[in-house]
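This is what each chain is made of:
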Amino acid sequence: AHYRRLQGDGTGALEELALVLPKVKPGADMDWPWAAHAHVRALTAAGRHEEAVERCLEYCATRARRRIPPRGMSRALIDALIDVGRLQEACQLAEQCIEEAETFKLRGLTLGTYYEGRARVAIAMHDEPTFQHYAQRCAQEYQRGKNSSLSAKYERLMHEARRQGIGVSAELQRAAEFTPKVANQAHEMVSGARTVQSRLPECVDGVERARYALTVL
């Protein structure tokens, strides 16, 4: 279903999910939050925005009653509310999610996703200063992941902003870039550790192991 949605086939994604949704039950199946989240995203991709909001509200209510982890549900609701023009509700929800995440000291992807959601609300409201503020914070969190897919996710946010006439500086555009230099350094560190680990057993005694370790350092 996720693959079909990424291809732009929201209807096809819904067809795939129709085979799964009846089989997963909230509170009984650990996959239910993911299936519910995928359902909302597929409805949105199919252009059924009002239905996506109503269904997501139902899912969120069920999740809250059963104390099920959100698994991206709140972010899906933020996007769905933006799509139907319920911007004040989207803004309030995004800020509530950010406050909760910061209170629990969540970082990286989780917090970055909420910052991105608030930035998207700002785009829809044509609020350039607020967009720039939350986009910068989003970039800082996405950079922690050192993941090119997060850089691509951030780039889509920048593209959306430019498309809506929001100013994007060169610095803001590059704020979440994942540089090859950092990736190469991480790779070299891992490779070096593996080399040391494989070489030490070949040393005949502790003295030779110590000598080899010193040469590596």
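So, here's what we can say about the structure. (Residues numbered from 1 in each chain as written. Predicted model: local features only at pLDDT ≥ 70, side-chain atom pairs only at ≥ 80, totals over all residues. Heavy atoms only, no water.)

**Points about the overall build of the protein**
Then, number 1: Counting secondary structure elements, the protein contains twelve helices and zero strands.
Then, number 2: Secondary structure elements in the protein, listed N-terminal to C-terminal, are α-α-α-α-α-α-α-α-α-α-α-α.
Then, number 3: Expressed as a percentage of its 217 residues, the buried residues of the protein come to 35%.
Then, number 4: Restricting to contacts in the protein with at least 6 residues of sequence separation, those with at least 24 account for 57%. (Helix = DSSP H or I, 4+ residues; strand = E, 2+ residues; numbered from the N terminus. Buried < 20%, exposed > 50% of the residue type's maximum accessible area, 1.4 Å probe, protein only. Contact = heavy atoms within 4.5 Å.)

**Some words on the environment of Asp 127**
Then, number 1: Summarising the element assignment, Asp 127 is placed in the loop between α7 (109-124) and α8 (128-144).
Then, number 2: Remark: the alpha-carbon pair of Asp 127 and Ile 166, spanning 39 residues in sequence, is separated by 8.1 Å.
Then, number 3: Excluding its chain neighbours within four sequence positions, the residues that come into contact with Asp 127 are Ala 122 and Ile 166.
Then, number 4: At 2.7 Å, the side chain of Asp 127 and the side chain of Thr 130 are in polar contact. (Polar contact = N/O pair within 3.5 Å; in protein donor to acceptor, adjacent residues only side chain to side chain.)

**A closer look at the packing of α7 against helix α9 (residues 148-163)**
Then, number 1: Between α7 and α9, the shortest axis-to-axis distance is 10 Å and the interhelical angle comes to 10°. Here α7 is positioned roughly parallel relative to α9, judged by the angle of their axes. Side by side, α7 and α9 meet where Leu 109, Thr 113, Glu 116, Ala 119, Arg 120 and Ile 123 of the first sit next to Leu 150, Lys 153, Leu 157, Glu 160 and Ala 161 of the second.
Then, number 2: Residue classes in the contact of α7 with α9 are distributed as six nonpolar, one polar and four charged. (Axes fitted to C-alpha atoms, helices over the stretch in contact; angles between N-to-C directions. Parallel < 35°, antiparallel > 145°, perpendicular 65-115°, else oblique. Nonpolar A, V, L, I, M, F, W, Y, C, P; charged D, E, K, R; others polar.)

**A look at helix α5 (residues 73-83)**
Because an α-helix completes one turn every 3.6 residues, residues spaced three or four positions apart along the sequence face the same direction.
Then, number 1: Burial of α5 is extensive: ten of the eleven residues sit out of reach of the surface.
Then, number 2: Along α5, the residues classified as buried are Met 73, Ser 74, Arg 75, Ala 76, Leu 77, Ile 78, Asp 79, Ala 80, Leu 81 and Ile 82.
Then, number 3: Those residues of α5 hidden inside the fold are in contact with α3 (32-45), α4 (49-66), α6 (87-103) and α7.
Then, number 4: A positive backbone phi angle near 80° is found at Gly 85, which sits one or two residues after α5.

**Structural notes on the side chain of Thr 113**
Then, number 1: Mapped onto the elements of the fold, Thr 113 is located in helix α7.
Then, number 2: Among the polar contacts made by the side chain of Thr 113, one reaches the main-chain carbonyl oxygen of Leu 109 at a distance of 2.8 Å.
Then, number 3: When near neighbours in sequence (up to four residues on either side) are disregarded, Thr 113 contacts Arg 75, Tyr 142 and Lys 153.

In short, the description is geometric, and any link to function would need to be established separately.
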